[in-house]
Amino acid sequence: MALLCLAAAGPGSQAAAADTPAKADADAALAPFTAHYRVRFSALPFSARAERSLTREGDHWLFRSAIDARLLSLEQEARLVAAPTLRTLEYRYRQGGLAGRRERVVSFDREAGLVRRSGDKERQHPLVEPAWDPLGWQLALQRELVRDHPDLASRYQYRVSDGGDYEDYSFAPGVRETITVPAGTFEALRFTRAPVPEGEEATRLWLDPAQGYLLLRMELVDEDRRELTVTLETPPAQAAAAP
């Protein structure tokens, strides 16, 4: 699922976590934004720029990631609802360029209790709650970290589906590190995926607690040792919420 995770964890509110009351309502962790990242994949001789944004559309939130390179275009959208709890409603994936054209829509039908995928490889399987798409779980992680700060849980777990079989993502907080990315130098808290199921990507995230657990850097390594790296290039710009 490496290409599905090109922009793994997104920022929400850019208020400093240190200024956020412990166990505060996690709705405060959702605020419209636009940010830019630099994406590098060791198997390709070039890097790409990714734009990610979160916008509010009525009662829904649209979390979007788009990459446009010379030989690859990739766009993902997750539509979510925040009340009474954050949940995925629909996920869209569009790919073009050298890797070929692919498109799919994944709906999380809670009335029918099914996850349905249309487009390439149409299928459906039972919806097992809590169920997340490849973008929505990242927003959920950021929201929960802001909620729990500074007393973080020992592990954060998410059940993820892109319309195929579920994948389990489990992250444990690690050490604080000083890291440098194109956007500058920051004090980051490292999160590591553990355990890593066979055939899936080893994943590490560096998040900034002082900026609402903003993603600074992500590394994914697949079973063939190919590495994908995402680094913050331009800090998020807050967008005005839609009426």
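No experiment lies behind these values; they were computed from the predicted model shown.

Novice: Sorry, what's going on with the overall build of the protein here?
Specialist: Along its length, the protein carries one helix and 15 strands. Residue burial in the protein is summarised as follows: out of 243 residues, 51% are buried. Considering only intrachain contacts with a sequence separation of at least 6, the fraction spanning at least 24 residues in the protein is 46%. Carbon and sulfur atoms form 49% of the exposed surface of the protein, whose accessible area is close to 11,000 Å².

Novice: When you look at the environment of Leu-89 in this model, what are you seeing that I'm missing?
Specialist: Structurally, Leu-89 can be placed in strand β5 (residues 87-97). In the structure, Leu-89 is positioned 43 residues away from Trp-132 in sequence and 9.1 Å away in space, judged by C-alpha atoms. Contacts of Leu-89, omitting those with residues within four sequence positions, involve His-60, Arg-79, Leu-80, Val-81, Val-106, Ser-107, Phe-108 and Arg-110.

Novice: What exactly am I supposed to notice about the pattern of salt bridges here?
Specialist: If the charged atoms of two oppositely charged side chains come close together, the side chains can form a pair. One pass over the structure, following the stated rule, counts 23 salt bridges. With its nearest N and O atoms 3.7 Å apart, the salt bridge here joins Glu-103 to Arg-101. Salt-bridge contacts for Arg-226 lead to Asp-222; the nearest nitrogen and oxygen are separated by 2.8 Å. With a relative accessible area of 37%, Arg-226 lands in the partly exposed category. The class for Asp-222 is buried, based on a relative accessible area of 13%. Among the charged side chains, a salt-bridge network with shared partners connects Arg-102, Arg-104, Arg-117, Asp-120 and Asp-162.

Novice: What is the right way to look at the confidence of the model for the protein in this model?
Specialist: In low-pLDDT segments, the atomic positions of the prediction should not be examined closely. Averaged over all residues, the pLDDT of the protein equals 84, while 84% of them reach at least 70. Within the model, pLDDT remains below 50 along residues 1-28, and this stretch shows 91 contacts once partners closer than five positions in the same chain are excluded. A low-confidence stretch, residues 239-243 (pLDDT under 50), is modelled with five contacts involving residues beyond four sequence positions or located in other chains.

Novice: Looking at this structure, I do not really get the side chain of His-125. What am I missing?
Specialist: Relative to the helices and strands, His-125 is located in strand β8 (residues 123-126). In this structure His-125 comes out as buried when scored by relative accessible area, which is 8%. If we ignore the near neighbours within four places in the chain, the residues touching His-125 are Gly-113, Leu-114, Val-115, Ser-161, Gly-163, Gly-164 and Tyr-166.

Novice: Looking at this structure, I do not really get helix α1 (residues 136-148). What am I missing?
Specialist: Residues that lie three or four places apart on an α-helix share one face, since the helix turns once every 3.6 residues. Its 13 residues place the ends of α1 18 Å apart at the C-alpha level, agreeing with the 18 Å of an ideal helix rising 1.5 Å per residue. Within α1, 11 of the 13 residues are buried, which leaves the element mostly enclosed by the surrounding structure. Taken residue by residue, α1 has Gly-136, Trp-137, Gln-138, Leu-139, Ala-140, Leu-141, Gln-142, Arg-143, Leu-145, Val-146 and Asp-148 as its buried positions.

Novice: I keep staring at unusual backbone geometry and nothing clicks. Help me out?
Specialist: The general pattern is negative phi for most residues beyond glycine and trans for most peptide bonds. Cis geometry marks the peptide bond from Ala-83 to Pro-84, where omega comes out at 0 degrees. Of note, the bond from Ala-194 into Pro-195 is cis; its omega dihedral lies within 30 degrees of zero at 0 degrees. Position of Pro-195 among the secondary structure elements: in the loop between β12 (184-193) and β13 (202-208). Positive phi, normally seen in glycine, also occurs at Lys-121, with a value near 55 degrees. For Lys-121, the position within the fold is in the loop between β7 (114-119) and β8. Residue Lys-121 is classed as exposed on the basis of its relative accessible area, which comes to 62%.

Novice: What is the right way to read the pairing of strand β10 (residues 156-160) from this model?
Specialist: Remark: a regular strand shows side chains that alternate across the two faces of the sheet. Of the two faces of β10, the one lined by Tyr-156, Tyr-158 and Val-160 is fully buried and the one lined by Gln-157 and Arg-159 carries no buried residue. Where strand β9 (residues 131-132) and β10 come together, two bridges link them in parallel fashion. Its bridge partner lying in β10, Ala-131 is registered against Arg-159. The β-α-β motif built from β9, the intervening α1 and the parallel element β10 has right-handed crossover chirality.

Novice: Even after reading the chapter, I still don't get the environment of Ala-31, so can you show me in this structure?
Specialist: Among the structural elements, Ala-31 can be located in the segment before β1 (33-41). Given the relative accessible area of 15%, Ala-31 is considered buried.

Novice: Before we go on, may I ask you to explain the packing of aromatic side chains in this structure?
Specialist: Two measures describe an aromatic ring pair: the distance that separates the ring centres and the angle between the ring planes. Using the criterion set out here, one finds four aromatic pairs in the structure. An aromatic cluster of three or more residues is present, and its members are Trp-137, Tyr-158, Tyr-169 and Phe-171. Looking at Arg-193, its charged tip hangs above the ring of Tyr-169, at a distance of 3.9 Å from the centre. Between the NZ or CZ atom of Arg-217 and the centre of the ring of Trp-206, over which it lies, the distance is 5.9 Å.

Analysis parameters
Residues numbered from 1 in each chain as written. Predicted model: local features only at pLDDT ≥ 70, side-chain atom pairs only at ≥ 80, totals over all residues. Heavy atoms only, no water. Helix = DSSP H or I, 4+ residues; strand = E, 2+ residues; numbered from the N terminus. Buried < 20%, exposed > 50% of the residue type's maximum accessible area, 1.4 Å probe, protein only. Contact = heavy atoms within 4.5 Å. Areas by Shrake-Rupley, 256 points an atom, 1.4 Å probe, with all protein chains shown as cover. Salt bridge = Lys/Arg side-chain N within 4 Å of Asp/Glu carboxyl O. pLDDT = per-residue confidence, 0-100. Expected span 1.5 Å × (residues − 1). Pairing = 2+ DSSP bridges. Right-handed = clockwise from strand over helix to strand, strands pointing away. Phe/Tyr/Trp six-rings, centres within 6.5 Å; stacked < 30°, edge-to-face > 60°. Lys NZ or Arg CZ within 6 Å of the ring centre and 35° of its normal.

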